[in-house]
Amino acid sequence: MSTYAMSDIHGCYDELNSMLSKIGFSSQDRLVIAGDYMDRGPQSYEMLEWVCSPPENVVLLKGNHDIEFAEYIDFLDSMKKQIISGVDDDNPDHLEKMIELADYVAEEYGAYFDYYGTIHSLSSERRITLNQLKKWRDALIQLPFLFEDDINGKHFIVVHAGYVEKKNLRVRSSVEDFYIYAREEAYEFGGKRDSVIIAGHTPTISPSRVTYTGGRIFKKYNKKLNCTYYDIDCGAVFSKLGYEDGRMACLRLDDEKEFYL
């Protein structure tokens, strides 16, 4: 059995399956995905349906896009209960009207709603309902933040953005916020002694970031902690948006071998 890690799928459902074929993923293996299943890419619907019923040997973690997507759905549901009457949760036309109202309310109060337009697209192209959105929300919010395991004598932690112990927390308001939103601070004071941290969140195609590698997996070793950091978000979805360096990446934990599409 081998254990693999991926992150930041962002609606690239076909590429996910292509990667699984490339690595020869089988029922005897294990895959850990470090969050961000929808937004930006063209197959958010397929990814959301997959998240609701993943294979038994797949471990799904939550990312910031997943949390924010669930919050948009909470906003719609709350608005229905407090402002609108007579809404049929199974009527796609009713959801479309609710989205229009949510746009107006968010604009009036200077708030974000459906920042990447995913709910708008799902409503117009897939004719989804509020009940379908709530099903996806319920699947997303129950996902864990972390995966930990010992493999071949090493302790691995997979998380969306970065790992920090509470005693070392800086800047962020909580360790959970760090898990989801950390950027450079993940490498400045994050980590855990005698461990390997695998995260995504910050695409390695961003020249302004310390993790920039031109779309390859970023690796950094902290000698003081004997801790290795990996950033495995190599910007797969950005290859669809005109960035030549973006690619889907996968890391096999057993031997830390890298795979790319």
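Above this text you will find the structure in question.
For the structure given in this document, a descriptive report is provided here. Owing to the predicted nature of the structure, the values given are computational and were not obtained by experimental measurement. (Residues numbered from 1 in each chain as written. Predicted model: local features only at pLDDT ≥ 70, side-chain atom pairs only at ≥ 80, totals over all residues. Heavy atoms only, no water.)

### Describing the overall build of the protein chain
The helix and strand inventory of the protein chain stands at eight helices and 10 strands. Taken over the C-alpha trace, the protein chain has a radius of gyration of 19 Å; the compact-globule value for 261 residues is 18 Å, and the two agree within 12%. Summarising its shape, the C-alpha atoms of the protein chain cover approximately 60 × 40 × 35 Å along the three principal directions. Accessible surface for the protein chain amounts to roughly 12,100 Å². Of this, 45% is attributable to carbon and sulfur atoms. (Helix = DSSP H or I, 4+ residues; strand = E, 2+ residues; numbered from the N terminus. Rg over C-alpha atoms; globule rule 2.2 N^0.38 Å. Areas by Shrake-Rupley, 256 points an atom, 1.4 Å probe, with all protein chains shown as cover.)

### Quick notes on the sheet that holds strand β6 (residues 195-199)
Strand order across the open sheet formed by five strands is β4-β5-β6-β8-β7, with mixed pairing between neighbours. If you trace the sheet from one side to the other, it starts and ends with β4 (146-151) and β7 (218-222), each paired once. Taking each pair of neighbouring strands and ignoring which way they run, the sheet shows an average axis angle of 15 degrees. (Pairing = 2+ DSSP bridges. Axes fitted to C-alpha atoms, helices over the stretch in contact; angles between N-to-C directions.)

### As for a nonpolar patch on the surface
The grouping of Y112, Y115 and Y116 at the surface amounts to a nonpolar patch, some 390 Å² of accessible area in total. By the secondary structure assignment, Y116 is in the loop between α4 (92-108) and α5 (118-126). Given the relative accessible area of 32%, Y116 is considered partly exposed. (Patch = residues over 30% accessible without salt bridge, like charges linked within 9 Å, V, L, I, M, F, W, Y side chains within 5 Å. Salt bridge = Lys/Arg side-chain N within 4 Å of Asp/Glu carboxyl O. Buried < 20%, exposed > 50% of the residue type's maximum accessible area, 1.4 Å probe, protein only.)

### Focus: the environment of L76
Residue position: L76 is located in helix α3 (residues 64-82). Note on L76: relative accessible area 0%, which makes it buried. Through-space distance from the C-alpha of L76 to that of Q142 is 19 Å; in sequence the pair is 66 residues apart. Excluding residues within four positions of it along the chain, L76 makes contact with L95, M98, I99, A102, F113, I119, L130 and L133. (Contact = heavy atoms within 4.5 Å.)

### Focus on empty space enclosed by the protein
For the structure on display, the rule yields one cavity of 30 Å³ or more. Here the largest cavity is characterised by a volume of approximately 40 Å³. A161, G162, Y163, A186, Y187, G191, I197, A199, Y229 and Y230 are the residues that line the largest cavity. Looking at the lining of the largest cavity, its residues break down into eight nonpolar, two polar and no charged. (1 Å grid on protein atoms, 1.4 Å probe; cavity = no way out; pocket = protein on both sides within 12 Å on 5 of 7 lines; lining within 4 Å. Points joined across faces, edges and corners; volume = space filled by probe spheres on them. Nonpolar A, V, L, I, M, F, W, Y, C, P; charged D, E, K, R; others polar.)

### Examining the nonpolar core
Y37, F69, L76 and L133 are the most contacted members of the largest nonpolar core, which totals 47 residues. In terms of residue count, the dominant contributor to this core is α4 (six residues). Those residues in contact with Y37 that lie beyond four places of it in its chain are I9, H10, G11, M47, V51, L60, L61, D66, L140 and L143. The next biggest cluster of nonpolar side chains, apart from the first, holds 18 residues, and it includes L61, F147, I232 and L253. (Core = buried A, V, L, I, M, F, W, Y, C linked by side-chain atoms within 4.5 Å.)

### Topic: the pairing of β7
In this sheet, strand β8 (residues 227-231) lies alongside β7 in antiparallel orientation, the contact comprising five bridges. Bridged to Y221 within β8 is T228. Hairpin connection of β7 to β8: four residues between the antiparallel strands, including N226 at a positive phi of 50 degrees.

Geometric values such as these leave the question of function open.
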